[in-house]
Amino acid sequence: MLKFFRTDRKKETENKDISIDLNNIPRHIAIIMDGNGRWAKERNLPRAIGHKAGVEAIREVVKECSVLKVKYLTLYAFSTENWKRPKDEINALMSLLAEYLKKEFKELDYNNVIINYIGDISKLPDLCQRELIESHENTKNNTGLTLNLALNYGGRYEIARAFKLMYEDIKSGKISEDDINEHMISNYMYTRNMPDPDLIIRPSGEQRLSNFLLWQCAYSEFWYSNIKWPDFRKEHLHRAIFDYQNRDRRFGAVK
Ligand code: FPP
């Protein structure tokens, strides 16, 4: 099996016009993997085939994020609103998830990836829950890329959950009202101890956040593209990172 890692500091890409500065790689990239359904429709295929093709894009992007030494990659795989989809599409997505974890586990582990999840996975089929928990347990001591799979995840749900957990801790005396500040609220999110996303990528032409990482995206850079997720490849990731590296991030200050 091939290890993903390299040591050069500047990465030339397939596109001759761009090279990526390996000293300024976003620490946390989050992706809304959109456009699977439309990709399939364009080809007169069932939507589930679009999702299946999307898994290939996941493989490539995870691998490239490891090569580039991105520390966190969060993939929006199933939202709290996606339960409104037809049953057979939901089942197909859950099967793909279980299959992905089963098939990819060895390679991800070998390449030092920590498999993690955010969202309320208790509503997922038992097999998916088992695979997720086992994959996490078996990779949690790795030190490379953390792959966050957002499953039954919603930003508003996450914030409401944080309120409830905080309320419980105030009631039990673990914290007091005076302890509440932004840093502390972040620690009640699924992403506690992780940096906020530097870069949020949404392919497929839509330009909205769709309830993704609402608390965490305060100063994220957004990158949109018309490419549909199943066609997303490392050259698109490179372009997104290149554009990110050419933005002026001021965080509200003056330079
Ligand atoms: C959005 O496209 C995509 C999803 C809701 C699911 C994404 C899931 C995968 C790519 C595969 C399964 C996950 C893992 C982690 C193996 P859409 O269906 O809304 O596309 P559309 O807007 O064109 O209809």
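All of these numbers come straight from a predicted model, not from anything done at the bench.

**A word on the side chain of Gln 245**
Next, step 1: Within the secondary structure, Gln 245 is located in helix H7 (residues 234–245).
Next, step 2: The class of Gln 245 is buried, set by a relative accessible area of 15%.
Next, step 3: In this structure the side chain of Gln 245 is engaged in a polar contact, spanning 2.8 Å, whose partner is the backbone oxygen of Asp 21.
Next, step 4: In this structure the side chain of Gln 245 is engaged in a polar contact, spanning 2.8 Å, whose partner is the backbone oxygen of Asn 24.

**Brief notes about the UniProt feature "active site" (unreviewed entry) in the protein chain**
Next, step 1: Per the UniProt annotation, the sites labelled "active site" (unreviewed entry) are Asp 34 and Asn 82. Maximum C-alpha separation among the annotated residues is 12.3 Å over a sequence range of 49 residues, consistent with a single clustered spot. For the largest pocket, the lining residues among the annotations just cited are Asp 34 and Asn 82.
Next, step 2: You can see Asp 34 is positioned in the loop between strand E3 (28–32) and helix H1 (36–42).
Next, step 3: Residue classification places Asp 34 among the buried residues on the basis of a relative accessible area of 18%.
Next, step 4: Checked against the element boundaries, Asn 82 lands in the loop between strand E4 (72–79) and helix H3 (87–110).
Next, step 5: On the basis of relative accessible area, Asn 82 is assigned to the buried category, the value being 16%.
Next, step 6: A polar side-chain atom of Asn 82 sits 2.7 Å from the main-chain amide nitrogen of Ser 79.

**Digging into the packing of H3 against helix H4 (residues 126–139)**
Next, step 1: For the pair H3 and H4, the least separation of the axes is 9 Å and the interaxial angle reads 20°. In this view, H3 runs roughly parallel relative to H4, as classed from their interaxial angle. Note on packing geometry: the crossing formed by H3 with H4 is left-handed. Contacts between H3 and H4 involve Met 94, Leu 97, Ala 98, Leu 101, Lys 102, Phe 105 and Asp 109 on the former and, on the latter, Leu 127, Cys 128, Glu 131, Leu 132, Ser 135, Asn 138 and Thr 139.
Next, step 2: Of the residues that constitute the contact of H3 with H4, the class distribution is eight nonpolar, three polar and three charged.

Rules of the game
Residues numbered from 1 in each chain as written. Predicted model: local features only at pLDDT ≥ 70, side-chain atom pairs only at ≥ 80, totals over all residues. Heavy atoms only, no water. Helix = DSSP H or I, 4+ residues; strand = E, 2+ residues; numbered from the N terminus. Buried < 20%, exposed > 50% of the residue type's maximum accessible area, 1.4 Å probe, protein only. Polar contact = N/O pair within 3.5 Å; in protein donor to acceptor, adjacent residues only side chain to side chain. UniProt positions renumbered as here; feature names shortened; annotations may be inferred. 1 Å grid on protein atoms, 1.4 Å probe; cavity = no way out; pocket = protein on both sides within 12 Å on 5 of 7 lines; lining within 4 Å. Axes fitted to C-alpha atoms, helices over the stretch in contact; angles between N-to-C directions. Parallel < 35°, antiparallel > 145°, perpendicular 65-115°, else oblique. Left-handed = near helix turned anticlockwise from the far one by under 90°. Contact = heavy atoms within 4.5 Å. Nonpolar A, V, L, I, M, F, W, Y, C, P; charged D, E, K, R; others polar.

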